[in-house]
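Inside the fold
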Amino acid sequence: MSRQSNRTTDSKKMNSELFTLTYGALVTQLCKDYENDEEVNKQLDKMGYNIGVRLIEDFLARSSIGRCQDFRETADVIAKVAFKMYLGCTPSVTNWSPAGDEFSLILENNPLVDFVELPDNHSTLVYSNLLCGVLRGALEMVQMAVDVRFAQDTLRGDNVTEIRMKFIKRIEENLPAGDE
Amino acid sequence: MADESLFDFLHMEIVSHIYKEQQSSKEEMDNKDRAVCVSVLESMGFRVGQGLIERLTRDSPSFKDELDVMKFVCKDFWTKVFRRQVDNLRTNHQGTYVLQDNKFSLLTQLSNGKQYLDQAPKYLAFSCGIVRGALSNLGLDSVVTAEVSVMPSCKFQVVVQKL
């Protein structure tokens, strides 16, 4: 069977679709299992956390990035290396707080929400909340406690997707893994 | 474009979550609980398979017959979803097909020995659903099961349901 289109871009796109569709199936299942959006958001965050604590190792192995000197460097690495590597997009880093402990990642387009529309009865669902958990889990494994949340979401009518990240503290001892 | 490893991580976490939720207050899972987990995973995979096959075959001409459909699943579809082709396709020409993948992509992360053999079916349920969903949108109603005897090789059995 010969196909005219470029095989490599096709296969990357298909893997992207596999991921996007699987994520959609997950959110649908969670909405069925839990009564309200708040609960679904919490579960997505928890699952994201579990993924994040493993993803960080994959990231460090593949990117050979060294230790970041400060939170600004961390922000750049997240936006320019991590997001590029895993989601194929590079969000911009903006809206730094005066103390330098909080910033926003602005994504023009969020790959998780391809083909997705939120029905009216799920207006408080943070569809991509898994991402917040992933970032939180990954950073915890490199000794940073952060708070991550969505400030804007294209699925809920905003123009862009904005993730707000706030540095809470440096983690000194080894914490046992998991929010399980 | 999402990286391939993201699906692997997500899939592992989904399996873990479904089993944890089912177990919740009990000490041990019984067979009924396991069946529920497998069925939930399989139905999630079903919807994903339907979506994937729609995207993949948007511009292709229709298939000549059932065997043609199965060959497409073994080559193009398997390559796009599981990053390789099926190694061996057998059929009794009466609606039963066995697809053998010697290095199934969702099992390669688990160790090759016997240690996790009994855990393997958990990681195959979603994929069975994907195959069943794909076939369903290609016009074939089927029952798809999978078995593993030697990791990471596994066999998917497809039994096409005649109307």
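Above this text you will find the structure in question.
Below, the structure is looked at part by part. Remember, it's a predicted structure, so these values are computed and weren't measured experimentally. (Residues numbered from 1 in each chain as written. Chains lettered and ligands numbered in written order. Predicted model: local features only at pLDDT ≥ 70, side-chain atom pairs only at ≥ 80, totals over all residues. Heavy atoms only, no water.)

Considerations on the pattern of salt bridges
Here is the rule: In what follows, salt bridge is the name for a side-chain nitrogen of Lys or Arg lying within 4 Å of a carboxyl oxygen of Asp or Glu. Helix numbers and strand numbers start at the N terminus; a helix is a DSSP run of H or I with at least 4 residues, a strand a run of E with at least 2. For each residue, the accessible area found with a 1.4 Å probe, counting protein chains only, is set against the maximum for its type, and the residue is called buried under 20%, exposed over 50%, and partly exposed in between.
On inspection of all chains with the given rule, the structure shows 16 salt bridges over all chains. Notably, a salt bridge pairs Arg83 of chain B with Glu4 of chain B, separated by 3.9 Å at the nearest N-O pair. Highlighted residues: Arg83 of chain B in the loop between helix H3 (66-82) and strand E1 (88-91) and Glu4 of chain B in helix H1 (residues 4-23), separated in sequence by 79 residues. Given a relative accessible area of 35%, Glu4 of chain B falls into the partly exposed group. Where Asp87 of chain B meets Arg84 of chain B, a salt bridge forms, and the shortest distance between an N and an O atom there is 2.7 Å. On the accessibility criterion, Arg84 of chain B (24% relative accessible area) is partly exposed. Look at the salt bridges and you will find they share partners, linking Asp101, Glu102, Arg164 and Lys166 of chain A into a network.

Topic: unusual backbone geometry
Cis geometry marks the peptide bond from Met151 of chain B to Pro152 of chain B, where omega comes out at -10 degrees. Relative to the helices and strands, Pro152 of chain B is located in the loop between strand E3 (142-150) and strand E4 (153-160). With a phi angle near 70 degrees, Phe115 of chain A is a residue other than glycine that sits in the positive phi range. Following the sequence through the fold, Phe115 of chain A ends up in the loop between strand E2 (102-107) and helix H4 (129-140). Residue classification places Phe115 of chain A among the partly exposed residues on the basis of a relative accessible area of 48%. In this structure, His93 of chain B takes a positive phi of about 60 degrees despite not being glycine. For His93 of chain B, the location among the structural elements is in the loop between E1 and strand E2 (96-101).

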